[in-house]
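One letter stands for each residue in the lines below.
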Amino acid sequence: MPDLTHLDETGAAHMVDVGGKPVTARQAIATGRITMSAAAADAIRHGTALKGDVLAVARIAGIMAAKRTSDLIPLCHPLPLTRVAIDLAPDAEGVTVTATAATEGKTGVEMEALTAASVALLTIYDMAKAIDKAMVITGVRLLEKRGGKSGESIAPTG
């Protein structure tokens, strides 16, 4: 088991010192899915949900969330993001969200990508819950990361 870097020698939580790490290009991609009734999926795809353009609002929410990750996750470093992209793929049964975050920095952007995907999904839920209260958010996970000491890694699909 690797050392837990967010714990000091006494076991107390602390923010990891990344001061000595080199600045490198870093990118992470995360995904998740929300499934729903045909009526809710249809309203989202056709832009007829009562609260407005669900996909546009979810995209903006995901971008905003990535930018605020260090405010939400206690030991995350604030990062100067160079790119956040939220791709939304609606279909007859729901929406798949893919979030990409990138930076030139000393630490990775996995948490930013995961936060962006999660908040985009929660926004879809919020905006469509009047149509379907039984929606289910699943499969939020990291797909890949690039940069830093560990280089490139692709998450297993299983």
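Because the structure is predicted, anything quoted here is derived from the model rather than measured.

So, how was this worked out
- Residues numbered from 1 in each chain as written.
- Predicted model: local features only at pLDDT ≥ 70, side-chain atom pairs only at ≥ 80, totals over all residues.
- Heavy atoms only, no water.
- Buried < 20%, exposed > 50% of the residue type's maximum accessible area, 1.4 Å probe, protein only.
- Helix = DSSP H or I, 4+ residues; strand = E, 2+ residues; numbered from the N terminus.
- Arc of directions from axis to C-beta.
- Contact = heavy atoms within 4.5 Å.
- Salt bridge = Lys/Arg side-chain N within 4 Å of Asp/Glu carboxyl O.
- Core = buried A, V, L, I, M, F, W, Y, C linked by side-chain atoms within 4.5 Å.
- Expected span 1.5 Å × (residues − 1).

Caption draft 1: Spatial organisation of helix α1 (residues 38-46). Of the residues making up α1, those classed as buried are A40, A41, A43 and I44. Looking straight down α1, one finds its buried side chains confined to an arc of 160 degrees; they lie on one side. Of the exposed residues in α1, those oriented more than 90 degrees away from the buried face are A38 and H46. Where α1 is buried, its residues touch α2 (54-67), β2 (81-91), β3 (94-105) and α4 (110-128).

Caption draft 2: Seen up close, the pattern of salt bridges. Using the criterion set out here, one finds 6 salt bridges in the structure. The closest approach of N and O atoms between D126 and K51, which form a salt bridge, is 3.9 Å. With D126 in helix α4 and K51 in the loop between α1 and α2, this pair connects stretches of sequence that are 75 residues apart. Residue D126 is classed as partly exposed on the basis of its relative accessible area of 34%. Looking at K51, the relative accessible area reads 48%, which means it is partly exposed. Note that R68 and D71 form a salt bridge whose closest N and O atoms lie 2.6 Å from each other. For the pair R68 and D71, a shared accessibility class is recorded, and that class is exposed. One connected set of salt bridges, linked through shared partners, spans K51, D126 and K129.

Caption draft 3: View of the nonpolar core. In terms of nonpolar packing, the biggest core is built from 31 residues, with M36, I44, I86, L88, V95, V97 and I124 touching the most fellow members. The element that contributes the greatest number of residues to this core is α4, accounting for 8 residues. If we ignore the near neighbours within four places in the chain, the residues touching I86 are R59, G62, I63, V97, T98, A99, A116 and A120.

Caption draft 4: Looking closely at α4. The terminal C-alpha atoms of α4 lie 27 Å apart, and with 19 residues this matches the ideal 27 Å at 1.5 Å per residue to within 8%. Here α4 has its buried residues at E112, A113, T115, A116, A117, A120, L121, T123, I124, M127 and A128.

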